[in-house]
Amino acid sequence: MIWINIIYTIKQTIIYIMSLILLNALTGSCIFICFKLLEKPLEKMGLIKMSIRLLRVVILSFLIPVVFVLLFRVYDDNVTFSIDYPLPYVFGCFLLIWAVGWGKAFVHSIQIHKRLKYLINTACLCEKDVIKVKDEWQKKLRIHQNVIVKQTYTIATPIICGIIKPVILLPVKDYSKEELDVIFAHELMHCRHKDILWKQLCAFSRIVFWWNPLIQRFVFDVDSWNESYCDQAVTKILKNKKEYFTTICRLGIKPFEKGAYLCATLYEDKNQLKTRIYRIRAIESMNIIKIFAGLCMGTLLFVTSMFAVIFITRGYHDIYMRTVITVSDLREKYMDPEPIAEVTDVEKLEVHDEIRLAKKLPVVPMKERITRKKDDLVFVQKLKAGTRMESNSVYLKKGETVEISNGNSMDENTKNDSKFVSGIIDDQGKEWYAMNSMDVNCSIKIQKEGNYRVFVENRYKTKVKVFMFTYLDNKK
């Protein structure tokens, strides 16, 4: 029935979404912790460019679902992300709590966007002399975007915002040529480095992972290193570092307070400025040994990140699998003993009725779909050793019959009847199946309506070719 398929899809979607959030948060947090262990040595050696690149890898690790995809590609076993009761309800509760926090963070982000947009719309265009200096620096830094310059009374320090249409906002005051050079060199360098884009990605991460205690520190570090990276590039052009930072101190009366993570500012606070000066001074003692050491630390972070991804992938799979097995065992212990299916028309076959005979075997999807519209299905599919294939779920009513006839490409003299198994399984994990060395032919009469899947299991040590025939008798 349609509503049962809808409920099944909703449960599966809940588990997918919550797993994706948890896995990305865990992956990003692990790699960020590794970066924090290397941050101080990189800072002392003046390796600002290396640090910002490593930090951007951390940003991507929060956003790209590497582990989630690996779990699909490596562990295609129908156990990870399964919807065995009560997992959908547990994940659903977590998802509901997350959605409340996400909604609050999203609304706050929208408010910041509106305030920033209001600042831009109410600001006035600058005089031609100011725009001329901006154009000179824009040409010098080879920035092809159309960057607009405006002035407003509502901010105390220059900022740049906008990814597609960048806008530089200046406090209303008279500026000297030297001050304008520092302002436009700094803000346009943010534009060249795509810092606003990375800040927006951090803003998105902060909304999604609002519950993560590391996310605030992570966003702060991204802002801090972006400013240092910009300082490094600008001081190479302006040469006079002392005059550059003196001008910043003179222009930055107080920090910008209207959502700094959506824009880049010339000045944030005194402590942050001290850190920026310290990092620029460390560049003066740069040498080949320090550069090599930085490359080694970058490689170390990359290798550590790979191991973290592998560990999280295997760990999550093992935990999920153990949970499914434990739930299945408890369900088997307390399940109603009354049979809900009956295996008939079986000759010299062993018939079983239990929970997940193959719960530890990897599961591959059956390439052909079983539908009620087409009641018979014939196909051939290869099945690796120690695996089983399962069909899609089909809703069956009481009294309907599923006929299964299949064989495999093993030698006829194979006598171990437990190597080839075929039958059906319901959504609770209970199976009705028959065994034979070469083929299985049986009819399974449904005693209780519900969702069922047809499965075939290969317990041989070699790959077999399975010849599959199923027939769904809709007549009760």
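Each value, and the rule that gives it
Residues numbered from 1 in each chain as written. Predicted model: local features only at pLDDT ≥ 70, side-chain atom pairs only at ≥ 80, totals over all residues. Heavy atoms only, no water. Axes fitted to C-alpha atoms, helices over the stretch in contact; angles between N-to-C directions. Helix = DSSP H or I, 4+ residues; strand = E, 2+ residues; numbered from the N terminus. Contact = heavy atoms within 4.5 Å. Nonpolar A, V, L, I, M, F, W, Y, C, P; charged D, E, K, R; others polar. Buried < 20%, exposed > 50% of the residue type's maximum accessible area, 1.4 Å probe, protein only. Pairing = 2+ DSSP bridges. pLDDT = per-residue confidence, 0-100. 1 Å grid on protein atoms, 1.4 Å probe; cavity = no way out; pocket = protein on both sides within 12 Å on 5 of 7 lines; lining within 4 Å. Points joined across faces, edges and corners; volume = space filled by probe spheres on them. Patch = residues over 30% accessible without salt bridge, like charges linked within 9 Å, V, L, I, M, F, W, Y side chains within 5 Å. Areas by Shrake-Rupley, 256 points an atom, 1.4 Å probe, with all protein chains shown as cover. Salt bridge = Lys/Arg side-chain N within 4 Å of Asp/Glu carboxyl O. Expected span 1.5 Å × (residues − 1). Core = buried A, V, L, I, M, F, W, Y, C linked by side-chain atoms within 4.5 Å.

Engineer: Would you explain the packing of helix α4 (residues 87–122) against helix α7 (residues 195–208) in this entry?
Structural biologist: Working note: a packed helix pair is described by the angle between its axes plus the distance between those axes. At a minimum axis separation of 8 Å, α4 and α7 run at an interaxial angle of 145 degrees. Contact residues: Trp98, Trp102, Ala105, Phe106, Ser109 and His113 in α4; Gln200, Ile207 and Val208 in α7. For the contact of α4 with α7, the class distribution of residues is 6 nonpolar, 3 polar and no charged.

Engineer: Sorry if this is basic, but what is going on with unusual backbone geometry here?
Structural biologist: Trans is the prevailing form of peptide bonds, just as negative phi is the prevailing case for residues other than glycine. Positive phi is not limited to glycine here, since Arg142 has a value of about 60 degrees. Within the secondary structure, Arg142 sits in the loop between α5 (128–140) and β2 (148–152). Its identity as a non-glycine residue notwithstanding, Lys194 has a phi of 60 degrees, on the positive side. Structurally, the position occupied by Lys194 is in the loop between α6 (177–192) and α7.

Engineer: Would you mind showing me how to read the pairing of strand β9 (residues 376–383) here?
Structural biologist: Every other side chain in a regular strand lies on the same face of the sheet, so the side chains alternate between the two faces. Alternating residues of β9 divide into Leu377, Phe379, Gln381 and Leu383, all buried, and Asp376, Val378, Val380 and Lys382, none buried. As judged from the 8 bridges shared by β9 and strand β17 (residues 464–473), these two strands associate in the antiparallel manner. From the neighbouring strand, Val378 faces β17, where its bridge partner is Phe469.

Engineer: I tried to follow the confidence of the model for the protein chain on my own but got confused; where do I start?
Structural biologist: The predicted coordinates should not be examined in detail at positions where pLDDT is low. Summing up the model confidence of the protein chain, the mean pLDDT is 80 and the portion of residues at 70 or higher is 84%. Per-element confidence in the protein chain ranges from a low mean pLDDT of 48 for strand β7 (residues 350–355) to a high of 92 for β2. Taken together, the stretch residues 257–261 has pLDDT below 50 and engages in 16 contacts with residues farther than four places along the chain or on a different chain. Contacts of residues 353–359 to residues separated by more than four positions or lying in other chains number 38 contacts, the stretch itself having pLDDT below 50.

Engineer: Looking at this structure, how should I read empty space enclosed by the protein?
Structural biologist: In this approach, a probe sized like a water molecule rolls over the atoms, and the result shows the empty space that is left. Following the criterion strictly, the structure yields 1 cavity of 30 Å³ or more and no others. Looking at the largest cavity, its volume works out to about 120 Å³. Of all the secondary-structure elements, those providing two or more residues to the lining of the largest cavity are β9, β11 (394–396), β16 (450–458) and β17. Considered class by class, the residues forming the lining of the largest cavity number 10 nonpolar, 2 polar and 4 charged.

Engineer: What is the right way to read a nonpolar patch on the surface from this model?
Structural biologist: On the surface, Leu22, Val90, Phe94, Ile97, Trp102, Phe106, Val107, Ile110, Trp210 and Trp211 cluster together to form a nonpolar patch covering roughly 860 Å² of accessible area. With 7 residues, α4 is the largest single contributor of residues to the nonpolar patch. Along the polypeptide, Phe106 turns up in helix α4.

Engineer: Can you help me understand α7 in this one?
Structural biologist: Residues three or four positions apart in an α-helix share a direction because the helix packs 3.6 residues into each turn. With 14 residues, α7 should reach 20 Å at 1.5 Å per residue; the first-to-last C-alpha distance of 20 Å fits that figure. Within the sequence span of α7, burial applies to Asp195, Ile196, Trp198, Lys199, Cys202, Ala203, Ser205, Ile207 and Val208. Structurally, α7 contributes buried residues whose contacts are with α2 (48–63), α4, β3 (159–161), α6, α8 (215–238) and β5 (263–265).

Engineer: Please explain the nonpolar core as it appears in this structure.
Structural biologist: Among the nonpolar cores identified, the biggest contains 78 residues, and Val58, Phe91, Ile168, Leu170, Phe184, Leu188 and Phe218 are the most heavily contacted of them. It is helix α1 (residues 2–44) that contributes the most residues to this core, 12 residues altogether. Within the second largest apolar cluster, 26 residues are counted, among which are Phe379, Met389, Val454 and Val466.

Engineer: Explain the pattern of salt bridges to me, please; I cannot follow it from the model alone.
Structural biologist: Two side chains bearing opposite charge may form a pair once their charged atoms approach each other closely. As enumerated under the stated definition, the model contains 14 salt bridges in all. A salt bridge links Asp221 to Lys36; its shortest N-O distance comes to 2.8 Å. Residue Asp221 is located in helix α8, and its partner Lys36 is located in helix α1; the two are separated by 185 residues in the primary sequence. We classify Asp221 as buried; its relative accessible area is 2%. A salt bridge links Glu457 to Arg388, with the shortest nitrogen-to-oxygen separation between them at 3.3 Å. Taken together, the residues Glu457 in strand β16 and Arg388 in strand β10 (residues 387–390) connect sequence positions 69 residues apart. Of the two residues examined, Glu457 and Arg388, each falls in the buried class. A network of salt bridges, in which partner residues are shared, links Lys36, Glu39, Arg217 and Asp221.

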